[in-house]
Amino acid sequence: MKYFYSICAAFILLSCAKKEATHEDEIRLFQYDLNIEFTDATKSPLTEEGLKTFKTLEFFEIDENYNIEADFELTPNTPIFEMPTTTDRLPLYRKYGIARFTLNGKKLELSIYQNQQLMTTVDYAEHLFLPFNDATNGTITYGGGRYLDLEIPKEGSKKIRIDFNKAYNPYCAYNHTFSCPIPPSENNLPIAIPVGVKAYK
């Protein structure tokens with residue numbers, strides 16, 4: 001299986017080398033990296049039994065319409081709060097900003113958060129967290145919502161890129177022993193987001 005993924009990665013990289021990488025190339029590589037993580041027993045969130053039968057994650061079709069440049073408003077001096085999780089763990093977050101955008105004719109906004117512990121590390125100093133729910137939850141996507149990883153925009157920027165094609169499931173979707181943040185109710189979208197990772201079966 002790992003040999004198969006290696007061949008796929010080589011194909012993607014060679015294709016990108018011959019021409020400028022497209023948005024589809026970017027998302028295919030994201031999907032490939034996720035699948036590699038899930039096949040690696042040292043990194044995979046899958047249970048031991050799940051790992052034995054795992055072949056690939058299931059993804060929606062890539063849709064450029066869900067790759068959005070949103071208006072971004074910083075929310076300085078917002079209070080640090082404990083974000084509820086699927087266990088009694090309460091990690092500390094702060095609302096870093098608000099993204100506003102129009103999708104499928106609807107004006108929407110999402111709050112974006114910064115983990116107060118991760119922000120002190122080198123690897124995650126620029127990391128922002130966007131958990132959300134949408135109308136697909138509990139049917140074709142995981143009932144507990146999905147996540148997006150974002151980066152802090154450049155200083156002075158009033159835009160932030162939100163690519164829902166990179167929406168992924170919390171580890172709890174694969175293994176109940178994990179502790180996963182629950183998307184705040186303010187991030188409940190009233191529309192379907194039919195891109196990204198589908199529900200695990």
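Every residue gets a number counted from 1 within its own chain, in the order that chain's sequence is written. The model is predicted, so local features are restricted to residues of pLDDT at least 70 and side-chain atom pairs to those at 80 or more, both for listing and for counting; the totals for chains, interfaces and linings are taken over all residues. Hydrogens and water molecules were not included; the side-chain quantities draw on all heavy atoms of the structure.

Focus on the pattern of salt bridges
And then number 1: We count a salt bridge whenever a side-chain nitrogen from Lys or Arg sits within 4 Å of a carboxyl oxygen from Asp or Glu. A full pass over the atoms with the stated rule returns 11 salt bridges.
And then number 2: A salt bridge links Lys198 to Glu58; its shortest N-O distance comes to 3.5 Å. Of this pair, Lys198 sits in the segment after β7 (159-163) while Glu58 is found in the loop between α3 (48-53) and β1 (67-74), placing the two residues 140 residues apart along the sequence.
And then number 3: The class of Glu58 is partly exposed, set by a relative accessible area of 36%.
And then number 4: In this structure, Asp163 and Arg161 form a salt bridge, with 3.5 Å as the shortest nitrogen-oxygen distance.
And then number 5: Residue Asp163 is classed as buried on the basis of its relative accessible area of 6%.
And then number 6: Note on classification: 1.4 Å probe, protein chains only; a residue is buried when its accessible area is under 20% of the maximum for its type, exposed when over 50%, partly exposed between these limits. Owing to a relative accessible area of 41%, Arg161 belongs among the partly exposed residues under this scheme.
And then number 7: Connected through salt bridges with shared partners, the residues Glu26, Arg161, Asp163 and Lys166 form a single ionic network. Put simply, DSSP H or I for four residues or longer makes a helix, DSSP E for two residues or longer makes a strand, and each gets a number counted from the N terminus.

A word on the state of the cysteines
And then number 1: Any two cysteine sulfur atoms lying within 2.5 Å of each other are counted as a disulfide. Applying the stated criterion across every chain yields a total of one disulfide.
And then number 2: Here Cys172 connects covalently by a disulfide to Cys180, the sulfurs 2.1 Å from one another. With the S-S bond torsion at 110°, the cross-link from Cys172 to Cys180 turns out right-handed.
And then number 3: Of the residues examined, Cys172 reaches a relative accessible area of 13% and is grouped as buried.

What to know about unusual backbone geometry
And then number 1: In this model, Asn77 sits at a positive phi of 65°, which is unusual for a non-glycine residue.
And then number 2: Among the secondary structure elements, Asn77 is positioned in the loop between β1 and β2 (80-82).
And then number 3: Assessed through its relative accessible area of 78%, Asn77 is described here as exposed.
And then number 4: Positive phi is not limited to glycine here, since Asn104 has a value of about 55°.
And then number 5: Relative to the assigned elements, Asn104 resides in the loop between β3 (92-103) and β4 (106-115).

Side note on the packing of aromatic side chains
And then number 1: For this analysis, a ring pair means two rings from Phe, Tyr or Trp (six-membered ring only for Trp) whose centres lie within 6.5 Å, classed as stacked if their planes differ by under 30 degrees, edge-to-face if by over 60, and tilted for the remaining angles. Here the structure, examined in full by the defined rule, presents 11 aromatic pairs.
And then number 2: Between Phe38 and Tyr174 the ring centres are 4.8 Å apart and the planes differ by 75°, which places this aromatic pair in the edge-to-face class. With Phe38 in helix α2 (residues 23-39) and Tyr174 in the segment after β7, this residue pair connects regions lying 136 residues apart in the sequence. Each of the two residues, Phe38 as well as Tyr174, counts as buried.
And then number 3: Ring centres 5.0 Å apart and planes at 70° place the aromatic pair Tyr171 and Phe178 in the edge-to-face group.

Structural notes on the nonpolar core
And then number 1: Counting 25 residues, the largest nonpolar core has Phe101, Leu103, Ile160, Ile162, Phe164 and Ile193 as the members making the most contacts within it.
And then number 2: Counting only elements with at least two residues in this core, the list comes to β1, β3, β4, β5 (127-132), β6 (146-151) and β7.
And then number 3: Here this core takes four residues from β3, the largest share from any one element.
And then number 4: The set of buried Ala, Val, Leu, Ile, Met, Phe, Trp, Tyr and Cys residues whose side-chain atoms join them within 4.5 Å is what this entry labels a nonpolar core. Phe38, Leu57, Phe59 and Phe129 belong to the second largest nonpolar core, which has 18 residues in total.

A short note on the pairing of β5
And then number 1: Among the six residues that make up β5, six are buried, leaving the element largely enclosed by the rest of the structure.
And then number 2: Residues His127, Phe129 and Pro131 point to one face of β5 and Leu128, Leu130 and Phe132 to the other, with burial holding for every one of them.
And then number 3: Pairing analysis gives six bridges linking β5 to β6, with the strands arranged antiparallel. In the sheet register, His127 faces β6, and the bridge partner there is Glu151. Pairing between two strands requires that DSSP report at least two bridges joining them.

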